[in-house]
Amino acid sequence: MINRSYFSEQLTKLGYEFKEDNLSFFDLFYDELIAWNTHTNLTRITEEKEFIDKHLLDSLSCKKAFEFLPDDYANGELKCIDIGTGAGFPLLPLWFFYPQWKISLLDSVKKKLDFIEHFSKLAIEKYDFLKSENIEIVHLRAEDATNNLKFRDQYDLIFGRAVSKLASLIELSMPFVKEGGFFIGMKRIDIDDELNEAERIIKLTNGEIVKVIKFELLDTGLERSLVIIKKLKKTPKIFPRRTSLAQKQPMI
Ligand code: SAM
């Protein structure tokens, strides 16, 4: 169980509207993740307050980026993908508030995806507003998925948190984005060096920075940035370069 009064107060500050009863979704998520974590390494963050701050509220802070997207964009039936989702961050907590999105959760590590499959089945059984046809689990490396037309140029919104340095994350992510769609990278606040390093790959992948938002995350004391990039036209087929090169030798 998570501390409901603290969590709902912070959600309201982030601008979310919700039915108090439905927040049991996050109790289920926390309880199942902690139980699964006893046999499968999913996260080091297990203490309840830290879990709320560093996993839930951090993921949900993406809402701040939505005001820089076209009007009412996030309320649409978007196709979204989370690259290197791990145990589902940031896209699983976001899906609770945007259940009309069609979400794909991609990771190269199957055991993490097994947890997501387990939890999402439970959640879909319990909450009518979550639909099984709106969630897809993708066990692939990002580089391999983008070779497949099912994934390339298909997504309105791409999320990435704690996957790699910004330049690498952008190289891996931009091929997934539709023309006119957006990438949202979640980073620490001291992002300037990484941003400078990423300038070249943003141009090469046909992206344009819309906004870099730096902020303190409510009452958590965490300092964060969101990097929003718009895809102007298709990313050349050479990106991302062959397996692991984007991460081992970023184009900076
Ligand atoms: N995004 C989650 C979060 O913020 O808690 C997980 C972060 S974890 C540090 C990084 C994840 O990215 C790992 O689960 C790893 O397997 C995945 N990953 C790293 N490189 C990847 C790639 N090229 N393709 C797919 N997944 C990748």
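Everything below is about the structure shown above.
Residues numbered from 1 in each chain as written. Predicted model: local features only at pLDDT ≥ 70, side-chain atom pairs only at ≥ 80, totals over all residues. Heavy atoms only, no water.

Trainee: Could you clarify how one ought to interpret the site of the ligand in this entry?
Mentor: Lining the immediate environment of the ligand, one finds 18 residues, of which Gly84, Phe89, Asp107, Ala142 and Arg161 sit closest. At 2.8 Å from a nitrogen atom of the ligand is found a main-chain nitrogen or oxygen belonging to Phe89. Within the side chain of Glu143, a nitrogen or oxygen atom sits 3.1 Å from a nitrogen atom of the ligand. Protein coverage of the free-state accessible area of the ligand, which is 600 Å², stands at 82%. By residue class, the composition of the shell around the ligand is 8 nonpolar, 5 polar and 5 charged. (Near = heavy atom within 4 Å. Polar contact = N/O pair within 3.5 Å; in protein donor to acceptor, adjacent residues only side chain to side chain. Areas by Shrake-Rupley, 256 points an atom, 1.4 Å probe, with all protein chains shown as cover. Nonpolar A, V, L, I, M, F, W, Y, C, P; charged D, E, K, R; others polar.)

Trainee: What should I look at first to understand the nonpolar core in this one?
Mentor: If you look at soluble globular proteins, the nonpolar side chains tend to sit buried side by side. Judged by nonpolar contacts, the single largest core of 61 residues is most densely connected at Phe7, Phe66, Leu94, Trp101, Leu157 and Phe159. Of all the elements, helix α2 (residues 24-37) adds the most residues to this core, at 7 residues. Excluding residues that lie within four positions of it along the chain, Phe159 makes contacts with Cys62, Phe66, Cys80, Ile81, Asp82, Ile83, Pro90, Leu91, Leu94, Trp101 and Ile184. Membership of the second largest hydrophobic core comes to 28 residues, among which are Val138, Phe151, Leu172 and Phe183. (Core = buried A, V, L, I, M, F, W, Y, C linked by side-chain atoms within 4.5 Å. Buried < 20%, exposed > 50% of the residue type's maximum accessible area, 1.4 Å probe, protein only. Helix = DSSP H or I, 4+ residues; strand = E, 2+ residues; numbered from the N terminus. Contact = heavy atoms within 4.5 Å.)

Trainee: Explain the sheet that holds strand β1 (residues 79-83) to me, please; I cannot follow it from the model alone.
Mentor: Each strand in a sheet pairs with its neighbour through backbone hydrogen bonds, running either in the same direction (parallel) or in the opposite one (antiparallel). Read across the sheet, 7 strands follow the order β3-β2-β1-β4-β5-β7-β6 without closing on themselves; strand pairing throughout is mixed. Edge positions in the sheet fall to β3 (135-139) and β6 (207-216), since each of these pairs with one other strand and no more. Adjacent strand axes in the sheet meet at a mean angle of 20° when their direction is disregarded. Note that strand β5 (residues 177-188) and strand β7 (residues 223-231) share 7 bridges and pair antiparallel. What sits directly across from Ile184, in β7, is Ile228. The strands touched by helix α8 (residues 166-173) within the sheet are β1, β4 (155-161), β5 and β7, with β5 carrying the most contacts at an inclination of about 155°. Its contacts with the sheet place helix α9 (residues 192-204) against β5, β6 and β7, and it is angled at close to 160° to β6. (Pairing = 2+ DSSP bridges. Axes fitted to C-alpha atoms, helices over the stretch in contact; angles between N-to-C directions.)

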